[in-house]
Amino acid sequence: MESDMYDATPSPSASRSDVSRNELNGKLPDDPNDDPEALTRTDTTLSAVVPPKELWREILFVVVVCMAQFMTQAGLCISIAPVYIIGRSFQTSTPGELSWFAAAYSLTVGTFILVCGRLGDVLGHRLMFIIGFAWFGLWSLLAGFSVWSNQVFFDCCRALQGMGPAMLLPNAIAILGRAYPPGLRKEMIFSFFGATAPSGFIIGGVFSSILAQMTWWPWAYWVQGMVCFAFAVLGVLVIPHTSRPHFQKDLPIWVRLDLLGAAAGIIALVLINFAWNQAALVGWATPYTYVLLIVGFIIFGGFLWIERIAQCPLLPSAVFTGDLAWVLGCIAAGWSSFGIIIYYFYQFMEEIKGNSPLLATAKWVAAAPSGAIAALLTGFLLGRLPPSVIMFCAMVFFTAGLSVFATVPVDQTYWAQAFVASLITSWGMDMSFPSGTLILSNSMPHHHQGLAASLVTTTVNYSISLGLGFAGTVESNVNDGGRNVLRGYRGALYLGIGFAGLGLVVSILFMFVSWRRSQVSHKSG
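From a predicted model like this one, the values you see are computed outputs, not experimental measurements. (Residues numbered from 1 in each chain as written. Predicted model: local features only at pLDDT ≥ 70, side-chain atom pairs only at ≥ 80, totals over all residues. Heavy atoms only, no water.)

**Considering the overall build of the protein**
Per the secondary structure count, the protein includes 18 helices and zero strands. Each of the 525 residues in the protein was classed as buried or not, and the buried ones make up 60%. For the protein, contacts bridging at least 24 residues in sequence account for 84% of all contacts bridging at least 6. Accessible area for the protein stands at about 20300 Å²; split by element, carbon and sulfur atoms hold 69% of it. (Helix = DSSP H or I, 4+ residues; strand = E, 2+ residues; numbered from the N terminus. Buried < 20%, exposed > 50% of the residue type's maximum accessible area, 1.4 Å probe, protein only. Contact = heavy atoms within 4.5 Å. Areas by Shrake-Rupley, 256 points an atom, 1.4 Å probe, with all protein chains shown as cover.)

Dropping the structure here:
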């Protein structure tokens, strides 16, 4: 099978804007001609992004691109903090229905990232970034207007809203990845990208709570829509324009985009996720839940088969390295637990403690500065410690945060355990994302670098949604038919401890495997 790649015309002005780690070590970059599945070559003039020369312009460029992560997390929290206020407007307080407000959003964020990353590879990352913010803004506005419709329309708007971040995240990471060569500057910028996550979540929670309590909850979505449109305009102005990719081999667009594989993958992931989240609402005794789950797994098997024979697969065989399962296993377990603690922190504070959405958000606000410190420290440590050790530390923080909060007594002061949980959980977030991305990036060929961050981001967001489905199922089965709410919350949080603990075990095994590999390399060298 012939390779399918960009027309690589070297240029002195752009050749150093994307330097592989092998080049820094005095080696030649990987040759995409050796990979029959290569869709792109990132070391070309067409894919290079030259950051602005002036410092203030470069800062603005980095901030605008990092707003993709910031707004993604803000979009998640605006349905979590005021969840009961939103539920009352739709005449529902059923836990399974309320959890869909957040789960529908995370479902599509996680499901569509790989596909949207491929669209960026083919159509241009800058273009997809701008379209992503415009799409995000449109469906944010419509989500607010759903107040005059019903809960189903609101859930659909949340799902379609999530496709905006799915366009933003992989293309934002690709823009930064192609603008900066490996080194401390790039590691700090990627750490800043991760640090915007807890800040975005808090800001989204604060403003959605204020607007829901003081005015009307749809205003949070309308304001978010206007902000997204503003960032789309800023993207046009501050992100350097690059030529649209050109390919040496003329393939139909549906082949280049792997539309058949994309359709199978999307359908499979949606069905699997829908089944788990809907089971929390209607129970597994309802036939369509387990039927959809089985069909989803069958279609997912078909997706894997399609990827093996596709000319331009979304998941080339070269990405299936020895580190992939270890890293994604840690990420999936850790971030599933994170989705659970975030959701049930608000449930506990609002339902059990009687706090308002704004007060509950204020109780989580320590996560923002704590996460920023964690991100900066991670950026500093990435070049000094093995990434597998940093991943282990992240799993420790996830496990500790869940363990501390799951055992909070109802009458205990906030500062004793809840405050501690908010401080340490964000360290799991901001240590696992950059370390996981770096591990996969180092283990993949140079021309598949963009997939590393896309796989991590897909796993992060899909795991949040799936974790809420698992937790909702546990909650509905142990809360005595809704009569013992606290017991249901405890059960869900204990499941979160199990997920985080699983991630901790996997990270320990991964750390041991990495150590053994380094010992063998040292002896052979």
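Still more ground to cover, so stick around.
**Structural notes on helix α12 (residues 322-352)**
Between its first and last C-alpha, α12 extends 45 Å over 31 residues, near the 45 Å set by a 1.5 Å rise per residue. A positive phi of about 75° marks Gly-354, the residue just after α12. (Expected span 1.5 Å × (residues − 1).)

**Let's talk about the packing of helix α2 (residues 55-77) against helix α6 (residues 151-179)**
Two numbers describe how α2 lies on α6: the axes approach to 9 Å, and their chain directions differ by 150°. If you check the angle between α2 and α6, you find them roughly antiparallel. Like other packed secondary-structure pairs, α2 and α6 cross with a definite hand, here left-handed. Contacts between α2 and α6 pair Phe-61, Val-65, Cys-66, Ala-68, Gln-69, Thr-72, Gly-75 and Leu-76 from the former with Arg-158, Pro-165, Leu-168, Leu-169, Ala-172, Ile-175, Leu-176 and Ala-179 from the latter. Classifying every residue of the contact of α2 with α6 by side-chain character gives twelve nonpolar, three polar and one charged. (Axes fitted to C-alpha atoms, helices over the stretch in contact; angles between N-to-C directions. Parallel < 35°, antiparallel > 145°, perpendicular 65-115°, else oblique. Left-handed = near helix turned anticlockwise from the far one by under 90°. Nonpolar A, V, L, I, M, F, W, Y, C, P; charged D, E, K, R; others polar.)

**Considerations on the nonpolar core**
Phe-61, Phe-129, Phe-133, Leu-176, Trp-217 and Phe-405 are the most contacted members of the largest nonpolar core, which totals 145 residues. Element by element, the count of residues in this core is highest for α12, at 16 residues. Ignoring anything within four residues of it in the chain, the contact list for Phe-61 reads Val-49, Pro-51, Pro-52, Ile-175, Leu-176, Ala-179, Tyr-180, Val-238, Ile-239 and Pro-240. (Core = buried A, V, L, I, M, F, W, Y, C linked by side-chain atoms within 4.5 Å.)

**Side note on unusual backbone geometry**
Of note, the phi angle at Asp-258 is positive, near 55°, even though the residue is not glycine. For Asp-258, the position within the fold is in the loop between α9 (253-256) and α10 (259-282). In the Ramachandran plot, Asp-480 falls in the positive-phi region, its phi being about 55° despite a non-glycine side chain. On the secondary structure map, Asp-480 appears in the loop between α17 (449-478) and α18 (485-524). The partly exposed category is assigned to Asp-480, whose relative accessible area is 41%.

**Quick look at the packing of aromatic side chains**
Counted by the stated rule, this structure contains 38 aromatic pairs. Taken together, a centroid distance of 5.4 Å and an interplanar angle of 80° make the contact between Phe-154 and Trp-217 edge-to-face. Of the two residues, Phe-154 is situated in helix α6 and Trp-217 in the loop between α7 (184-214) and α8 (218-238); the sequence distance between them amounts to 63 residues. Across this residue pair, the class does not change: Phe-154 and Trp-217 are buried. Members of the aromatic cluster, each reached through a chain of ring pairs, are Phe-201, Phe-345, Tyr-346, Phe-348, Trp-364 and Phe-405. (Phe/Tyr/Trp six-rings, centres within 6.5 Å; stacked < 30°, edge-to-face > 60°.)

**Looking at the pattern of salt bridges**
Applying the stated criterion across every chain yields a total of three salt bridges. Residue Glu-54 pairs with Arg-57 through a salt bridge whose shortest N-O separation is 3.7 Å. Of the charged contacts, one joins Arg-483 and Asp-480 as a salt bridge, the two residues approaching to 3.0 Å between their closest N and O atoms. On the basis of relative accessibility, which here comes to 65%, the residue Arg-483 falls in the exposed class. (Salt bridge = Lys/Arg side-chain N within 4 Å of Asp/Glu carboxyl O.)

**Some thoughts on the environment of Phe-320**
Within the element layout of this structure, Phe-320 appears in the loop between α11 (287-309) and α12. Separated by 120 residues in the primary sequence, Phe-320 and Leu-440 place their C-alpha atoms 9.7 Å from one another.

**So, the confidence of the model for the protein**
When pLDDT is averaged along the protein, the result is 83, and 88% of the positions lie at 70 or above. Across the protein, the secondary-structure element scoring lowest on mean pLDDT is helix α1 (residues 21-24), at 36, and the one scoring highest is α8, at 96. (pLDDT = per-residue confidence, 0-100.)

**As for the packing of α2 against helix α5 (residues 125-145)**
Put simply, α2 and α5 touch, their axes get as near as 12 Å, and they point 30° apart. Classed by the angle they form, the pair α2 and α5 counts as roughly parallel. Seen along the crossing, α2 lies across α5 with a hand that is left-handed. Together, Val-64, Val-65, Met-67, Ala-68, Met-71, Thr-72 and Gly-75 of α2 and Phe-129, Phe-133 and Phe-136 of α5 make up the contact between the two elements. Here the residues of the contact of α2 with α5 are counted per class, giving eight nonpolar, two polar and no charged.

**Observations regarding the environment of Gly-472**
Summarising the element assignment, Gly-472 is placed in helix α17. Taking C-alpha positions, Gly-472 is 7.8 Å from Leu-281, a pair spaced 191 residues apart along the chain.

**As for the environment of Ile-341**
As for its placement among the helices and strands, Ile-341 is situated in helix α12. Separated by 62 residues in sequence, Ile-341 and Ser-403 have C-alpha atoms that sit 10.0 Å apart. Apart from the residues within four sequence positions on either side, Ile-341 is in contact with Gly-401, Leu-402, Phe-405, Thr-425 and Leu-493.

**Structural notes on a nonpolar patch on the surface**
Nonpolar side chains collect at one region of the surface, where Phe-145, Trp-148, Trp-216, Trp-219, Val-223, Met-226 and Val-227 lie side by side and expose about 700 Å² of accessible area between them. When residues in the nonpolar patch are grouped by element, the largest group, four residues, is from α8. Along the chain, the position of Trp-219 falls in helix α8. A residue is classified by how much of its surface remains accessible, and Trp-219, at 39% relative accessible area, is partly exposed. (Patch = residues over 30% accessible without salt bridge, like charges linked within 9 Å, V, L, I, M, F, W, Y side chains within 5 Å.)

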